[in-house]
Structure formats: C-alpha cells, structure tokens
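# Inside the fold
The residues making up each chain are set out below.
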Amino acid sequence: MTQTNPIFHRLYRVLFLALISSYSFLHYACKTNPEAAPTGVVHNNAMVVSARIEASRIGMEVLKKGGNAFDAMIATEIALAAAYPFAGNLGGGGFMVYRMADGQTGTLDYREKAPLAAHRDMYLDSLGNPDPKLSRIGATAVGVPGTIAGIFAVHEKFGSLPMEELLAPTIALCEQGVVVTEKQAARLENYRDQILEVNGDSTVFSNSCKPGDTLRYAALAQTLRRISEGGRDEFYMGETAQVLSQFMKKRGGYITMEDLAQYEAVWRDPVTFQYRDLNVISMGPPSSGGITMQQILKMMEPYDVSDMGHHSAAGIQLFTEAARRAYADRNYYLGDPDFVEIPVSEITDPDYLQERMENYNPLKDTPSETISKGEIAMYESSETTHYSIVDQFGNAISATTTLNGAYGSKLYVQELGFFLNNEMDDFSAKPGEPNMFGLIGAEANSIAPGKRMLSSMTPTIVEKDGELWLVVGTPGGSTIITAVTQTILNVYEYGLSMQQAVEAPRFHHQWLPDMIIFEPEGFPESLKDSLITRGYIINQDRTPIIGKVDAIRVLKDGRLEAGADVRGDDAASGF
C-alpha cells in the first residue's frame, strides 16, 4: 500500500484551508443577513437583564434617576446578593467588561484571591491526593472576597450617583423581603441538607421554603448600611472585616484581617479580536473566557458555518473540534497573569490555530487523547450569575459574579448576612487532577498566596460595523465559554433573535472528559446517532441545563431587545 508523503499531505492541507478561507471570505463579504425580528422584551432607551426581576428593576430605577450603566451595575450587583443568594454575593467576586458610548472599552477584575496562608499542597491528603471536600465545603474553601472592592472601584472611576443612593434599594429589599419563586424553593431544598451540615440550624435558610414565602435579610441590611456609611474600608478594614476574620478563624478558615486589608480590584485590558465583521470584546486572564472563545471562533472562521445549518451534525462537529483544542490549551497555559507568563499572542496566532486544526476530519471524531496542549495537560461550578446593562447614554456593561458553587462553600456568616465562596476549588489542587467541574488544571493555575484562581466567566460585548451590537454572558462553570460562543453564533450565523438565541438548546465539549454533553430534550436522537457513527461519545445520562444567558441586542433602529433565559427566573427591565 502506497503511503502519502507527509510533506505533500501538509501542502495539500494548507492549500485546502486556503481555498476554504478564500471562499468563506468572499461568501461573507457578499452575504447580508437580514436582522431577525425581536421576540424578547424590547425597550427604546435602556435595559437591565439579570437573574431576578427584583435586581433588574433596582438597576433600571437607577437609570431612570439619571444614573449611568456603572451606577446600575453597582445597584444590580448588590441587589443580587439579596434576590439571588444562590450566586449573587458580597462574599464572592467577578469580572466586568464595559464599553463607553464613545467606543472606549476596558475590564475590571474583582476575582477572589488565595489567602496569604495558602500554599500549593494545602488540599492534598497524607498520600498526596486531592481532598475535594477541603476545597469545596466550609471555611477552608474560601478565597478573599472581591465584590465590595469591585463596586467601589467602579464607583470611583465611573459612578455619577452617591453610593448611599445605589445601596439604599437593596437595603429596603432586605427589610421588605424577597418572595421565593418555585425555582428558588427547589434550589434551596436541594442544598438545604448541605447548608444545615455546615451551619447548623441557625441561618435564615435552615427552614424549608415554599413558593410564595418571603425571605428577609436583617443582618445583610445592617452590613450594607455600615458599608454605605463607611465605604470600601468598612468591608476590608472595619467592623465587617473584624467580624468576618474572627468568624473564619473560629471555623478553621485561612482569611485574616491582613488578607482583607491587602485585597485590591484590578483594571485590566480586554481581550479583543475580530470574527468576520464582528469585533468581540471579552475578559482576559485570570478569566480563561475571552482567549478560549477567541480560539474557538478563529478555528471555525475558515468554514462556512451558517450554511452548515443551526444544530446540524456538521456544525456541532466543527464547534466540538475547535472547543476541545481550545480547552486543552486553556487548561495548560492560562492562570493569573500577575503570577505566570501567558503566551497569549502565540496561542491566538492564526498560523498556530490553523496548525491546531490540521488533523480535523469532518467525517470522524478526533479523540481527545490525541490532542494535548499546542506546542510553542474537573469541576468548575455552574452556579454563577450574569447581568447585562445598556443605558440611555449608550454605555454597556457585561458582568459575571459568583460564589463558585451553589451558595458557595455553603458557609453563611449569620452576623453579616451572606454566604462565602468556595473559589479555592478553581485552583489546580494538583496538576493533572480535575476540579469540581471536571476541568484539568496545570502548573499555571497552581495555588500560591495572593494569587487569583483561573475562571471560565466570559462577560462579553460585541460590536458590529463599529457600533454596539450585543451584550452577553452566562453562568455555567466550564460551560460558560461554549454557551456564550454559541449564543453569539446563534444571532450572527443562524439569524436568531436575541431571545431565541438565548433559549436555543446548548451543547458542550471541554477536551476532558472526552464527550459531548447535550441539554436534555433539546436535540433529536437522530442527530446524536449521526455523531456517534463518526466516533463521538455522547453523554447519555440526564444532563443539567447549560447556562442561563442574559443578553441584550441593539437593533438597527436603536431599540434594545433583551434575551432573558427561561431556564431560570431571569428577567429584563427597561424603559
């Protein structure tokens, strides 16, 4: 049997891809996608979309008073701590991407940090194996919170209304109470035993809640009053800091007054890249979202994605093959840029990405065991929350905030009225071992004092023809990146409205474990069978929903269409 000359094969491959790229460029240059008619909530001037209507309304009322998107960001962020304690928080952190009306962009990193007492092997047992409980449950799992530092950094740079005015609506909400929805009651019941195990029966969540019940948060209201009066330093150096550090010491945690006093939010440059005629603006490290999404989209760009058809076997296969290669790089190269050198330009170089796809075969699977990091080796929680804002002045905010797991570490500071995160699990407890989301970590994301853990949060803003077009993001742990990417493709390549794009069923592949995950009841068995015949492993177990996307699309006439995910209680408010 005659063997193919490897040099000839490589040349053929290059010419083949060049032909595809040329065709795709000409095709899209001549292509004019008609704008999909809106199917979601539409408003003329401003919009806030979040996980709960209470938070969206509080953000919107700030805008109606003349506040800007940054004022609304602060109000919405804090409102979620009361309206959506599942992920909204004072005891966690997040990322924000912004675009000013004049086109100026930037990002804020208020991600949690490892305590100063943290060390590389802190979650290993006597045999050197990871002990997941230590990094996921209780005080030992908690990283230094960044949310309060984040909102004060935003206020100092961009705020236009007094902080007292921005926190007052949530203080009132805490005292008036939040009505429990059916979905919230189910979540609380699902995690009630764990919350009781960690806290005993002394928290507001120790009793079973039914839909229609009202939860009031007197301690959280008092904490917010102190912060309103004392500012940022109240949380990091004042009475709140003292209560929190003493609580952590009593519970065996690592966070001290020194940890809190040293915490700072950081303004960072966004990840920006072109996908066809779109300009994508997203979060860079310690978020892996922007770079991983860039790799996925740029690996797909040479192919005629729209003609493959929405949720076709060919389209899903192409996305899967790009995603598995991008996640392999994510897991190896990415970490806190203040601690590790990240080869961003190398792993996003077009030649590198073309080389990564050289063994892509549209007729069969490329097993993940044959794909490692590119040359130049989990479980990240899905219980995050996202909100999107566009104000009447044309400013836009995309922000994702989290406690990591559902109700974080399950540890509730009764005296202060909020849950604490379990973000320490997002580090690599041991290189090569999966975290709670199945993500395999490497040395770049190992634990170190004061280091920020790697995240998949992907708050994103998209420009089209130089103008604001989409504001998008989602919770979902390791599935965040694929959910955000698919939502953008749904609107741009497949012509869906914002609401349709958000509601569309989603799928996921993250390199390891080597399987495609489909949302339940969203894809026909014939499609799965087609992929199985190509060698793909399909997760046949019942899988959870993938993300709860909250997004905004700017229509050609300037109106705003919301995409509020029906998978949760998510809702839009606008005027």
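Residues numbered from 1 in each chain as written. Predicted model: local features only at pLDDT ≥ 70, side-chain atom pairs only at ≥ 80, totals over all residues. Heavy atoms only, no water.

Labelled according to an unreviewed UniProt entry, the protein appears under the name Glutathione hydrolase proenzyme, originating from Robiginitalea myxolifaciens. UniProt, in the comment section headed Subunit (unreviewed entry), describes the protein in these words: "This enzyme consists of two polypeptide chains, which are synthesized in precursor form from a single polypeptide." Quoted verbatim from the Pathway (unreviewed entry) heading of the UniProt record, the comment on the protein is "Sulfur metabolism; glutathione metabolism." (UniProt positions renumbered as here; feature names shortened; annotations may be inferred.)

## Section: the sheet that holds strand S2 (residues 47-50)
With antiparallel pairing, seven strands are arranged side by side in an open sheet as S7-S4-S3-S11-S10-S2-S20. Two strands lie at the open edges of the sheet, namely strand S7 (266-268) and strand S20 (571-574), each paired on one side alone. The sheet shows a mean angle of 15° between the axes of neighbouring strands, direction not considered. Where S2 lies against S20, four bridges are found, and the strand directions are antiparallel. Each bridged residue has a counterpart across the sheet, and for Met 47 the counterpart in S20 is Gly 574. (Pairing = 2+ DSSP bridges. Helix = DSSP H or I, 4+ residues; strand = E, 2+ residues; numbered from the N terminus. Axes fitted to C-alpha atoms, helices over the stretch in contact; angles between N-to-C directions.)

## As for helix H14 (residues 313-333)
Between its terminal C-alpha atoms H14 stretches 30 Å, which fits the 30 Å expected from 21 residues at 1.5 Å a residue. Of all 21 residues making up H14, 19 are buried, and the element is well covered by its neighbours. (Expected span 1.5 Å × (residues − 1). Buried < 20%, exposed > 50% of the residue type's maximum accessible area, 1.4 Å probe, protein only.)

## Thoughts on helix H5 (residues 147-158)
Given 3.6 residues per helical turn, the α-helix brings residues three or four places apart onto the same face. Taking 1.5 Å as the rise per residue, H5 with twelve residues should run 16 Å; its terminal C-alpha atoms sit 16 Å apart, in good agreement. Among the twelve residues that make up H5, nine are buried, leaving the element largely enclosed by the rest of the structure. Of all the residues in H5, the buried ones are Thr 147, Ile 148, Ala 149, Gly 150, Ile 151, Phe 152, Ala 153, Val 154 and Phe 158.

## Things to note about the pattern of salt bridges
Overall, the coordinates contain 29 salt bridges when judged by the stated rule. For Asp 329, the salt bridge identified is with Arg 356, shortest N-O distance 3.1 Å. One end of the pair, Asp 329, is in helix H14; the other, Arg 356, is in helix H16 (residues 350-356), with 27 residues separating them in the sequence. For the pair Asp 329 and Arg 356, one class covers both residues: buried. Salt bridges here are not isolated pairs; linked through shared partners, they connect Asp 109, Arg 268, Asp 338 and Arg 452. (Salt bridge = Lys/Arg side-chain N within 4 Å of Asp/Glu carboxyl O.)

## Re unusual backbone geometry
When glycine is set aside, most residues are seen to have a negative phi, and most peptide bonds are trans. For the bond running from Pro 285 to Pro 286, omega is 15°, close enough to zero to count as cis. With respect to the secondary-structure elements, Pro 286 resides in the loop between strand S9 (278-282) and helix H12 (289-300). At the junction of Leu 512 and Pro 513, the peptide bond is cis and its omega measures out at 0° in the coordinates. Positionally, Pro 513 belongs in the loop between strand S16 (507-508) and strand S17 (517-518). Its identity as a non-glycine residue notwithstanding, Lys 410 has a phi of 70°, on the positive side. Tracing the backbone through its elements, the reader meets Lys 410 in the loop between strand S11 (396-402) and strand S12 (412-413).

## Observations concerning the packing of aromatic side chains
Here the distance between the centres and the angle between the planes together describe a pair of aromatic rings. Counting across every chain of the model gives 26 aromatic pairs. Geometrically, the ring pair formed by Phe 319 and Phe 507 is edge-to-face, given 5.3 Å between the ring centres and 75° between the ring planes. Geometrically, the ring pair formed by Trp 469 and Tyr 492 is edge-to-face, given 6.3 Å between the ring centres and 80° between the ring planes. Taken together, the residues span a long stretch of sequence, with Trp 469 in strand S15 (residues 467-472) and Tyr 492 in helix H17 (residues 480-492) at a distance of 23 residues. For the pair Trp 469 and Tyr 492, a shared accessibility class is recorded, and that class is buried. Taken together, the aromatic side chains of Tyr 84, Phe 86, Tyr 191, Phe 205, Tyr 217, Tyr 407, Tyr 412 and Phe 419 make up a single cluster linked through ring pairs. (Phe/Tyr/Trp six-rings, centres within 6.5 Å; stacked < 30°, edge-to-face > 60°.)

## Topic: a negative patch on the surface
There is a patch of like negative charges on the surface, built from Glu 341, Glu 346, Asp 349, Asp 351 and Glu 355. Looking at the secondary structure, you find Glu 341 in the loop between H14 and helix H15 (344-347). Taking the relative accessible area as the measure of exposure, Glu 341 reaches 77% and is therefore exposed. (Patch = residues over 30% accessible without salt bridge, like charges linked within 9 Å, V, L, I, M, F, W, Y side chains within 5 Å. Areas by Shrake-Rupley, 256 points an atom, 1.4 Å probe, with all protein chains shown as cover. Lys, Arg positive; Asp, Glu negative; His and termini not counted. Charge placed at Lys NZ, Arg CZ, Asp CG, Glu CD.)

## Points about the environment of Glu 197
Tracing the backbone shows Glu 197 in helix H7 (residues 182-199). Sequence-wise, Glu 197 and Ile 137 are 60 residues apart; in three dimensions their C-alpha atoms are separated by 9.9 Å.

## Topic: the sheet that holds S15
Taken together, seven strands build an open sheet; the order of strands is S1-S19-S18-S15-S14-S9-S8 and the sheet is antiparallel. Two strands bound the open sheet, and with one partner strand each, they are strand S1 (42-43) and strand S8 (271-275). Where S15 and strand S18 (residues 550-554) come together, two bridges link them in antiparallel fashion. Looking at the pairing, Val 471 lines up with Ile 552 of S18. Packed onto the sheet, H12 meets S8, S9 and strand S14 (460-464) and runs at close to 15° relative to S8. Lying on the sheet, H17 is in contact with S8, S9, S14, S15 and S18; it crosses S15 at an angle near 135°. (Contact = heavy atoms within 4.5 Å.)

## Notes on the packing of H12 against H14
Look at H12 against H14: their axes get within 9 Å of each other, and the N-to-C directions meet at 145°. At the point where H12 passes H14, the crossing takes the right-handed sense. Along its contact with H12, which presents Thr 292, Gln 295, Ile 296, Met 299 and Met 300, the element H14 presents Leu 318, Phe 319, Ala 322, Ala 323, Arg 325, Ala 326, Tyr 327, Asp 329 and Arg 330. Residues of the contact of H12 with H14, tallied by class, amount to nine nonpolar, two polar and three charged. (Left-handed = near helix turned anticlockwise from the far one by under 90°. Nonpolar A, V, L, I, M, F, W, Y, C, P; charged D, E, K, R; others polar.)

## Comments concerning the UniProt feature "active site" (unreviewed entry) in the protein
The sites that carry the UniProt feature "active site" (unreviewed entry) are, in the present numbering, Thr 384. Relative to the assigned elements, Thr 384 resides in strand S10 (residues 384-390). Exposure remark for Thr 384: the relative accessible area of 4% places this residue in the buried category. Engagement of the side chain of Thr 384 in a polar contact is seen with the side chain of Thr 402, the distance being 3.0 Å. (Polar contact = N/O pair within 3.5 Å; in protein donor to acceptor, adjacent residues only side chain to side chain.)

## What to know about the pairing of S9
With five of its five residues buried, S9 lies for the most part within the structure. Of the two faces of S9, the one lined by Leu 278, Val 280 and Ser 282 and the one lined by Asn 279 and Ile 281 are each fully buried. Between S8 and S9, which pair antiparallel one after the other, the connecting turn spans two residues, and Arg 276 there sits at a positive phi close to 55°. As defined by bridge partners, S9 adjoins S14 across five bridges and the pair is classed as antiparallel.

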